[in-house]
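# Close look at the chain arrangement
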Amino acid sequence: MITTLAHAASYGPGPFWFFPIFWFLVIGLLIFTFKRSRWQRQGQASAEGVLRERFARGEIDDTEYRQRLEVLRTKK
């Protein structure tokens, strides 16, 4: 019995170290993807917000506002 235990222990931990690393990478990829898509949506909203503010202050007219808004929305 002692020989069997000593022989089994010589194989090391096996592939068990792979599973925590695998799940760490999967969860990290999901977080990265979520944050990236959220960041892109916020960037788009902030550009439209700046455009709305400029229009509200009278810096640009209605025609220019609509043209620029269309350009922003087609660049998705």
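Report follows, based on the coordinates. Being a predicted model, the structure only gives us computed values, none of them experimental. (Residues numbered from 1 in each chain as written. Predicted model: local features only at pLDDT ≥ 70, side-chain atom pairs only at ≥ 80, totals over all residues. Heavy atoms only, no water.)

## Describing the overall build of the protein
Of the regular secondary structure elements, the protein holds three helices and zero strands. Taken from N to C terminus, the helices and strands of the protein fall in the order α-α-α. Here the protein holds 76 residues, and 9% of them are scored as buried. For the protein, the accessible area works out to roughly 7000 Å², and carbon and sulfur atoms hold 67% of it. (Helix = DSSP H or I, 4+ residues; strand = E, 2+ residues; numbered from the N terminus. Buried < 20%, exposed > 50% of the residue type's maximum accessible area, 1.4 Å probe, protein only. Areas by Shrake-Rupley, 256 points an atom, 1.4 Å probe, with all protein chains shown as cover.)

## Some thoughts on the pattern of salt bridges
In this structure the tally under the stated criterion is six salt bridges. In this structure, Glu59 and Arg57 form a salt bridge, with 2.9 Å as the shortest nitrogen-oxygen distance. The salt bridge partner of Arg66 is Asp62, with a shortest N-O separation of 3.2 Å. Here Arg66 pairs with Asp62, and both are found in helix 3 (residues 62-74), just four residues apart, close to one helical turn. Where salt bridges share partners, they join Glu53, Arg54, Arg57 and Glu59 into one cluster. (Salt bridge = Lys/Arg side-chain N within 4 Å of Asp/Glu carboxyl O.)

## Looking at the packing of aromatic side chains
Across all of its chains, the model carries four aromatic pairs by this definition. Taken together, a centroid distance of 5.9 Å and an interplanar angle of 25 degrees make the contact between Phe18 and Phe22 stacked. Of the two residues, Phe18 and Phe22 both sit in helix 2 (residues 18-57), four residues apart, roughly one turn of that helix. A ring pair is formed by Phe22 and Trp23, whose centres lie 5.1 Å apart and whose planes are at 75 degrees; its orientation type is edge-to-face. Taken together through their ring pairs, the aromatic side chains of Phe18, Phe19, Phe22 and Trp23 make up a single cluster. (Phe/Tyr/Trp six-rings, centres within 6.5 Å; stacked < 30°, edge-to-face > 60°.)

## A closer look at a nonpolar patch on the surface
Nonpolar side chains collect at one region of the surface, where Phe16, Trp17, Phe18, Phe19, Ile21, Phe22, Trp23, Phe24, Leu25, Ile27 and Ile31 lie side by side and expose about 1300 Å² of accessible area between them. Relative to the helices and strands, Phe16 is located in the loop between helix 1 (2-9) and helix 2. Phe16 sits in the exposed class, given a relative accessible area of 60%. (Patch = residues over 30% accessible without salt bridge, like charges linked within 9 Å, V, L, I, M, F, W, Y side chains within 5 Å.)

## Observations concerning the side chain of Glu48
Relative to the assigned elements, Glu48 resides in helix 2. Classification of Glu48 by relative accessible area gives buried; the value is 11%. If we ignore the near neighbours within four places in the chain, the residues touching Glu48 are Leu69, Leu72 and Arg73. (Contact = heavy atoms within 4.5 Å.)

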